[in-house]
Amino acid sequence: MAGEAPELSAQERAGKAFPVSWDQFHRDCRALTWRLNEVGPFHAVIAITRGGLVPAAIVARELGVRVIDTVCIASYDHNKQGELQVLKGISEAAMKLGGGTGKGLLIVDDLVDTGKTGRLVREMLPDAHFATVYAKPMGRPLVDTFITEVSQDTWIFFPWDTALSFQPPLRDGAA
Ligand SMILES: O=P(O)(O)OC[C@H]1O[C@H](OP(=O)(O)OP(=O)(O)O)[C@H](O)[C@@H]1O
Ligand SMILES: O=c1[nH]c(=O)c2nc[nH]c2[nH]1
Ligand SMILES: [Mg+2]
């Protein structure tokens, strides 16, 4: 409607940017694995797609876990969070490995923000261990192990969502 301010996306509301390179992400995933190695062993890794797929592959490789399942959840459309939709649940085989409650299973995601996604998966697997690479304060209580906390008003830019681009020099008005 004319005159109405356009709704800000979660990314725009965040204000601060935290860009993560592939190198940094790999290092952070390895650091996460060092911590998880003290907690395991795990029968299987459950990746929350899509963001959890990359850290799940790295963590599973380091921990020597070869059974990997996915729980497919859609919520943010680019950067606005809508209703959570479970597009694919946890497989019967993985459920069995976790004794029906997730015991001995490792859930992996790239980050927790509001915690909505993590909460939903925790409800499916209450006894599983939940690990993320990054955590924001609202979602942090849901996570058992994470590496880096960023403030709630920070937007994390992952390497698979970004590309190198020219930045104008500061004195030319770049923020
Ligand atoms: O704690 P929350 O506020 O729920 O946000 C965290 C979730 O948001 C992102 O996923 P997204 O829904 O954008 O989907 P994607 O992983 O397919 O990119 C991220 O990968 C987490 O799964
Ligand atoms: O790329 C992303 N960065 C974030 O900080 C974030 N929070 C929720 N979903 C997100 N996706
Ligand atoms: Mg995700």
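The protein goes by Xanthine-guanine phosphoribosyltransferase in an unreviewed UniProt entry, where it is assigned to Bradyrhizobium huanghuaihaiense. We quote the UniProt Cofactor (unreviewed entry) comment for the protein here in full: "Mg(2+)". In its Subunit (unreviewed entry) section, UniProt records this for the protein: "Homotetramer."

S.K.: Describe the overall build of the protein, and please don't skip the residues or the numbers.
M.R.: Tallying secondary structure elements over the protein gives 5 helices and 8 strands in all. At 18 Å, the protein has a C-alpha radius of gyration in line with the 16 Å of a compact globule built from 175 residues. Seen through its C-alpha atoms, the protein measures out along the principal axes to roughly 55 × 40 × 25 Å. For the protein, the residues scored as buried account for 41% of the 175 residues in total. The contacts of the protein with a sequence gap of at least 6 include a subset with a gap of at least 24, amounting to 60%. About 10400 Å² of surface is accessible on the protein, with carbon and sulfur atoms providing 54% of the total.

S.K.: I'd like a rundown of the site of ligand 1, residues and numbers included.
M.R.: Of all residues adjacent to ligand 1, which total 15 residues, the nearest are R50, D109, D110, T114 and T117. Here an oxygen atom of ligand 1 sits 2.8 Å away from a polar atom, N or O, in the main chain of G115. Taken by itself ligand 1 offers 500 Å² of open surface, and the protein chains cover 88% of this. Counting residues per element, the shell around ligand 1 draws most heavily on strand 5 (residues 105-112), at 4 residues. Classifying every residue of the shell around ligand 1 gives 3 nonpolar, 7 polar and 5 charged.

S.K.: Break down the environment of G102 for me, with residues and values.
M.R.: Summarising the element assignment, G102 is placed in the loop between helix 4 (92-97) and strand 5. Among the residues examined, G102 registers a relative accessible area of 0% and is labelled buried. Non-local contacts of G102, meaning those with residues more than four positions away in its chain, are made with L125, D127 and A128.

Conventions and cut-offs
- Residues numbered from 1 in each chain as written.
- Chains lettered and ligands numbered in written order.
- Predicted model: local features only at pLDDT ≥ 70, side-chain atom pairs only at ≥ 80, totals over all residues.
- Heavy atoms only, no water.
- UniProt positions renumbered as here; feature names shortened; annotations may be inferred.
- Helix = DSSP H or I, 4+ residues; strand = E, 2+ residues; numbered from the N terminus.
- Rg over C-alpha atoms; globule rule 2.2 N^0.38 Å.
- Buried < 20%, exposed > 50% of the residue type's maximum accessible area, 1.4 Å probe, protein only.
- Contact = heavy atoms within 4.5 Å.
- Areas by Shrake-Rupley, 256 points an atom, 1.4 Å probe, with all protein chains shown as cover.
- Near = heavy atom within 4 Å.
- Polar contact = N/O pair within 3.5 Å; in protein donor to acceptor, adjacent residues only side chain to side chain.
- Nonpolar A, V, L, I, M, F, W, Y, C, P; charged D, E, K, R; others polar.

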